[in-house]
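Chain by chain, the residues run as shown.
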Amino acid sequence: MGRSPQGCVGLSDDLPPQQLAYPDWASYTLGVFICLSCSGIHRNIPQVSKVKSVRLDAWDDAQVEFMTSRGNHVARAAFESKVPPFYYRPSASDCQLLREQWIRAKYERQEFTHPERQEPYSAGYREGFLWKRGRDNGQFLSRKFVLTEREGALKYFNRSDAKEPKAIMKIEHLNATFQPAKIGHPHGLQVTYLKDNSTRNIFVYHEDGKEMVDWFNALRAARFHYLQVAFPGASDADLVPKLSRNYLQEGYMEKTGPKQTEGFRKRWFTMDDRRLMYFKDPLDAFARGEVFIGSRESGYTVLDGLPPSTQGHHWPHGITIVTPERRFLLACETESEQRAWMEAFRKVVDRPMLPQEYAVEAHFKHKP
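Residues numbered from 1 in each chain as written. Predicted model: local features only at pLDDT ≥ 70, side-chain atom pairs only at ≥ 80, totals over all residues. Heavy atoms only, no water.

### Overview of the UniProt feature "domain: PH" (unreviewed entry) in the protein
The UniProt entry lists residues 123-224 and 246-350 under the feature "domain: PH" (unreviewed entry), expressed in the numbering used here. Within residues 123-224, the helical portion is 20% and the strand portion 45%, while the C-alpha atoms at the span's ends are 13 Å from each other. Across residues 246-350, helical content stands at 14% and strand content at 38%; the span's end C-alpha atoms are separated by 19 Å. (UniProt positions renumbered as here; feature names shortened; annotations may be inferred. Helix = DSSP H or I, 4+ residues; strand = E, 2+ residues; numbered from the N terminus.)

### What about the pairing of strand β8 (residues 175-178)?
In β8, alternate side chains face the same way, and those of Asn-175 and Thr-177 on one face and Ala-176 and Phe-178 on the other are all buried. Alignment of β8 against strand β9 (residues 189-195), held across 4 bridges, turns out to be antiparallel. Within β9, the position partnered with Asn-175 by the bridge is Thr-192. (Buried < 20%, exposed > 50% of the residue type's maximum accessible area, 1.4 Å probe, protein only. Pairing = 2+ DSSP bridges.)

### So, the pairing of strand β11 (residues 249-255)
Across the 7 residues of β11, 5 count as buried, placing the element largely inside the fold. Looking at chain direction, β11 and strand β12 (residues 265-272) are connected through 7 bridges and run antiparallel. Bridge pairing in β12 links Glu-250 to Thr-270. Across 2 bridges, the pairing between β11 and strand β17 (residues 327-332) is antiparallel. Along β17, the bridge assignment pairs Lys-255 with Leu-330.

Written as structure tokens, this is what we have:
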């Protein structure tokens, strides 16, 4: 067996930090070390990247020398020299689609060395057809979508020749997050926006993975440019975390009503920043209810368990959310789910509220 290229490693977005010390795989044509998960993606672009095991495969001297001369730092400088600040850089925990399209954009299409190839998501205008889930029947139907930064909106039309859009989603309040498991498609994207100050969901996908990720980054670009105008003194580093967000926690819990004498009902819960929303079904367009969760300083706390007198819950692991107005009683099926929800709630409660969040809180207090 020939020499091994261990020792040439440097940081790469294709390699999670915990695997940097002892990488198992490498692309010997690109000169980068990669993790097991990303090695499978690299194998799908053999015209660009050829993969070997660092430990199990034979390496000739020329390959080892190439790895030594390149390494991940050099490759990053070469292939990531012009990544737009709004472009989503996936982590090891992100879905397969985001990781695959990042690798293809970087190495196969070389979008980050040729900025003219970034036009699909950086032009400020985009239109096309996406499969959208119907609110009432659950069927996915082809719908025309138009994103226009000039109007600060994403719109969709029920017919391609329709003059008026079915919905107008303001960029100011829009979020997008990939939800392949929930939607049942590997390219499934959940878009949320505010309608009459309540959260509205739409679920879309496109058969072409690049097309779907281009839409996602076009939405992030529109958000980025909106925020640059809204907060002219803010740096890119301040704005990028606000472009899109994944949910802090999602899953089924049981809940009871405000009198706490009604029976507990199973509902799908989503923790989106400070909004705790619950739905009858994970793919519902509208939440059945929303709860604002503020900070500890404002009188919000999260307690392990339920009051001793509580009855009617089928699941044994309780959580009590205390707000200035009332208590919300929830129950989880397993202890691990309860721990995950408790951690998510405590992160929110322990975080001081921003000035604009007080206005959101006031709106919740005055809801009928």
